[in-house]
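A closer look at the structure
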Amino acid sequence: MYQIMIVEDDEVIASAMKNCLESWNYQVRLTKNFENVMGEFFRYSPDLVLLDITLPYLNGYHWCEEIRKVSKVPILFISSASDNMNIVMAMSMGADDFVTKPFDLTVLAAKIQAILRRSYDFSGKTEVLEYRGVRFFPAEGSVSFQEKKLELTKNEIKIMRILMEHPGEIVERDMLMEYLWKTDSYVDENTLSVNVNRLRKKLESIGVKEFIHTKKGIGYRI
């Protein structure tokens with residue numbers, strides 16, 4: 001079931017969209033904190049965002065740009081500001097489509113269905129592994145935390161994947177080395193420590209501290 005996030009401060013319009021989309025079997029979340037839209041985005045991890053232009057605090061263009069820094073999730077603008085300049089601005093910021101208010105709810109639902117089909121039917125939903133606010137995107141080879149993002153190397157991606165797939169569990173060093181360097185040749189165990197420490201430092205650079213723990217002589221866990 002696809003998850004849709006609605007960023008609309010008009011409660012009547014937002015509720016009407018929510019009720020309509022839920023009747024189409026979508027899971028829908030209404031944004032409550034317009035001062036921290038990205039916080040809600042990270043918590044909900046939507047498959048599509050419906051975004052108004054005129055919002056409290058910061059406008060939809062700002063939030064579209066922020067979402068695009070960390071995600072390729074489809075974004076559909078909904079706005080009464082339908083002049084060409086606003087439409088061009090929305091698309092240039094990374095929006096996938098633009099719907100003008102007032103709109104027919106069934107038409108909106110059909111547009112959403114088409115966007116989701118284009119975005120996910122052939123490529124599949126974007127895989128995301130999350131633990132304690134840390135979001136790992138294996139296909140992109142990136143990690144995000146509190147609106148900050150970093151790119152990982154090939155080995156760092158492998159380490160992050162296996163640890164994120166076993167949260168709270170100790171992953172033995174031998175298992176990690178086999179996963180990283182599937183070879184019969186001897187690999188110095190210190191090489192694994194170096195790779196893990198580099199990953200730790202990268203995570204710390206975006207505020208993720210004490211995330212990877214060492215179980216001396218055995219392995220690592222998050």
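See above for the structure.
Given the structure is predicted, the values throughout are model-derived calculations rather than measurements. (Residues numbered from 1 in each chain as written. Predicted model: local features only at pLDDT ≥ 70, side-chain atom pairs only at ≥ 80, totals over all residues. Heavy atoms only, no water.)

Each helix and strand counted, the chain has 8 helices and 12 strands in total. When its C-alpha atoms are laid out on the principal axes, the chain stretches across 65 × 35 × 30 Å. Each of the 222 residues in the chain was classed as buried or not, and the buried ones make up 45%. Taking contacts inside the chain between residues at least 6 apart in sequence as the whole, the part at least 24 apart equals 59%. (Helix = DSSP H or I, 4+ residues; strand = E, 2+ residues; numbered from the N terminus. Buried < 20%, exposed > 50% of the residue type's maximum accessible area, 1.4 Å probe, protein only. Contact = heavy atoms within 4.5 Å.)

Here we take up the sheet that holds strand β9 (residues 148–151). Reading across the sheet, the 4 strands line up as β6-β7-β8-β9 and stay open at both edges, with antiparallel pairing between neighbours. Only two strands of the sheet have a single partner each, and these edge strands are β6 (129–131) and β9. Between one strand axis and the next, the sheet turns through 20 degrees on average, direction left out of account. Strand direction decides the pairing type here: strand β7 (residues 134–137) and strand β8 (residues 142–145), joined by 3 bridges, are antiparallel. Considered in β8, the bridge of Arg135 is made with Ser144. Together, β6, β7 and β8 form the strand contacts of helix α6 (residues 154–164), whose direction differs from that of β7 by roughly 120 degrees. (Pairing = 2+ DSSP bridges. Axes fitted to C-alpha atoms, helices over the stretch in contact; angles between N-to-C directions.)

Now for the environment of Ser144. Residue position: Ser144 is located in strand β8. Considered as a pair, Ser144 and Ser71 are 73 residues apart in the sequence and their alpha carbons are 9.7 Å apart. In contact with Ser144, other than residues within four places in its own chain, are Phe42, Gly133, Val134, Arg135, Phe137, Lys149 and Ile206.

In this structure, Glu156 sits in helix α6. Looking at Glu156, its side chain comes within polar contact range of the main-chain nitrogen of Thr153, at 2.8 Å. (Polar contact = N/O pair within 3.5 Å; in protein donor to acceptor, adjacent residues only side chain to side chain.)

Moving on, we come to the packing of aromatic side chains. Considering all chains together, one arrives at 4 aromatic pairs under this definition. An aromatic cluster is defined as three or more aromatic residues linked by ring pairs; in this entry it consists of Tyr61, Phe77 and Phe98. (Phe/Tyr/Trp six-rings, centres within 6.5 Å; stacked < 30°, edge-to-face > 60°.)

Moving on: unusual backbone geometry. In this structure, the amide linkage connecting Lys101 to the following residue, Pro102, adopts the cis form with an omega of -5 degrees. If you trace the backbone, Pro102 turns up in the loop between β5 (97–100) and α5 (105–120). The residue Glu210 is not glycine, and still its phi comes out positive at about 50 degrees. Its location among the elements puts Glu210 in the loop between α8 (189–205) and β11 (213–215). On the basis of relative accessibility, which here comes to 68%, the residue Glu210 falls in the exposed class.

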